[in-house]
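# Chain and residue survey
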Amino acid sequence: MEQKVPKKEASISEVPQHIAIIMDGNGRWAQARGKKRVFGHKAGMERAREMAEVCGELGVKYLTLFAFSSENWNRPKDEVSFLMELFATSLKNESKKLHKNNVKLMVIGDKEGFDSRLRKAIEKAEALTQDNDGLYLQIAANYGGRWDIVQAAQSLAEQGASITEESLQAQLVTADGVDPDLLIRTGGEQRISNFLMWQAAYAELYFSDALWPDFDGKALKVAIEDYNRRQRRFGKTGEQVATTSN
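This one's a predicted model, so the numbers in the text were calculated from it and none came from an experiment.

Within the largest apolar cluster, 40 residues are counted, with the highest numbers of intra-cluster contacts made by Ile19, Ile21, Leu63, Phe87, Ile184 and Leu220. The element best represented in this core is helix H3 (residues 77-100), accounting for seven residues. Non-local contacts of Ile184, meaning those with residues more than four positions away in its chain, are made with Ile19, Ala20, Ile21, Ile22, Tyr206, Phe215, Leu220 and Ala223. One finds Ile22, Phe66, Phe195 and Ala203 within the second-largest nonpolar core, a separate group that totals eleven residues.

For strand E4 (residues 136-143), the tally of buried residues reaches eight of eight residues, placing the bulk of the element in the interior. Bridging between strand E2 (residues 62-69) and E4 involves seven bridges; their strand directions are parallel. From the neighbouring strand, Leu63 faces E4, where its bridge partner is Leu137. Pairing analysis gives five bridges linking strand E3 (residues 104-108) to E4, with the strands arranged parallel. Note on E4: the bridge partner recorded for Met106 is Gln138. With helix H4 (residues 116-129) bridging E3 and its parallel neighbour E4, the resulting β-α-β unit is left-handed.

If you walk through the whole model with that rule in mind, you get ten aromatic pairs. A centroid spacing of 6.2 Å and a plane angle of 80 degrees characterise the contact between Phe66 and Tyr143, whose relative ring orientation is edge-to-face. Of this pair, Phe66 sits in strand E2 while Tyr143 sits in strand E4; the two residues are 77 residues apart in sequence, bridging distant segments of the chain. Both rings, one in Phe66 and one in Phe195, keep their centres 4.3 Å apart while their planes meet at 10 degrees; by these two values the pair is stacked. Here Phe195 lies in the loop between strand E5 (182-185) and strand E6 (204-207) and Phe66 lies in strand E2, a separation of 129 residues in the sequence. Comparing Phe66 with Phe195 shows no difference in burial state: the two are buried. Within the aromatic cluster, the residues linked to one another by ring pairs are Phe66, Tyr143, Trp147 and Phe195. Its end group placed over the ring of Phe39, Lys35 keeps NZ or CZ at 5.2 Å from the ring centre.

This next bit is on the environment of Lys100. Relative to the elements of secondary structure, Lys100 occurs in helix H3. Distance from Lys100 to Asn132, taken between C-alpha atoms, is 9.3 Å for residues 32 residues apart in sequence.

In this model, helix H7 (residues 217-228) (twelve residues) spans 17 Å end to end at C-alpha, consistent with the 16 Å of a helix rising 1.5 Å per residue. For H7, every residue scored as buried is listed here: Gly217, Ala219, Leu220, Ala223, Ile224, Tyr227 and Asn228. Where H7 is buried, its residues touch strand E1 (18-22), helix H2 (37-58), E5 and E6.

Moving on: the sheet that holds E6. Strand order across the open sheet formed by six strands is E3-E4-E2-E1-E5-E6, with parallel pairing between neighbours. Edge strands, defined here as strands with exactly one partner in the open sheet, are E3 and E6. Taken pair by pair, the neighbouring strands of this sheet meet at an average axis angle of 20 degrees, ignoring direction. Running at roughly 135 degrees to E5, H7 makes contact with E1, E5 and E6 of the sheet.

In this section: unusual backbone geometry. Positive phi, normally seen in glycine, also occurs at Asn102, with a value near 65 degrees. Here Asn102 is to be found in the loop between H3 and E3. Asn102 gets classed as partly exposed once you look at its relative accessible area, which sits at 29%.

End to end, H3 covers 35 Å across 24 residues, agreeing with the expected 34 Å (1.5 Å per residue, within 8%). Where H3 bends most, the angle comes to about 40 degrees, and this point is Glu94. Among the residues of H3, Glu79, Val80, Leu83, Met84, Leu86, Phe87, Ala88, Ser90, Leu91, Glu94, Ser95 and Leu98 are the ones counted as buried. Buried residues in H3 make contact with H2, E2, E3, H4 and E4. Within two residues after H3, Asn102 carries a phi angle of roughly 65 degrees, on the positive side.

Criteria and thresholds
- Residues numbered from 1 in each chain as written.
- Predicted model: local features only at pLDDT ≥ 70, side-chain atom pairs only at ≥ 80, totals over all residues.
- Heavy atoms only, no water.
- Core = buried A, V, L, I, M, F, W, Y, C linked by side-chain atoms within 4.5 Å.
- Buried < 20%, exposed > 50% of the residue type's maximum accessible area, 1.4 Å probe, protein only.
- Helix = DSSP H or I, 4+ residues; strand = E, 2+ residues; numbered from the N terminus.
- Contact = heavy atoms within 4.5 Å.
- Pairing = 2+ DSSP bridges.
- Right-handed = clockwise from strand over helix to strand, strands pointing away.
- Phe/Tyr/Trp six-rings, centres within 6.5 Å; stacked < 30°, edge-to-face > 60°.
- Lys NZ or Arg CZ within 6 Å of the ring centre and 35° of its normal.
- Expected span 1.5 Å × (residues − 1).
- Axes fitted to C-alpha atoms, helices over the stretch in contact; angles between N-to-C directions.
- Bend = angle between axes of the 7 residues up to and from the residue.

Written out as structure tokens, the structure reads:
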């Protein structure tokens, strides 16, 4: 009979180096209040700002937020248009605040899918914060995990380079960072929806029933406490990990 390895006691003192979040539930949150879906996206933007602040305070190094997937273009046109406008406005309004707080902003995804105005706004915000070394805030927009792997493989093929795990990872849009330790999804769904499919291979998954605008700093800390009760084995046995950590 396999020996059970006791779970570690929860501790907020150990924070994940990289937290990735699928921010799901904005539309349902608004509809539950008799509002249009766009109302929920505005509330979700405010919550994203809070997450960046809390992660910075806790000492998280990387925060990746799934803002708009490559599949989200299939949503109603008026909703997509609103999201693009909200993204552009937020970049303009938030970039100086991020810079002041030493946050480095990076937008990951197929940016060629955006219009020239939005691309310029992204470039300006990234340029302003490029030398900051506090929290690294990655916004995944027009992003898909399959797209990321394909574009990395295509890049290697064009270079005539051999395809290995190391060479492919070096071509992913997240190549300058580290893989996520904790991947959170709000909204009650339990899937990763084509988000960081390569990078999240060994991420701990945490699913919350809270809709994104209701997932506050306290809820994030609960997720981190749950993460700290887990034993990350990376293919080893529980006994091996326990011996190494002692």
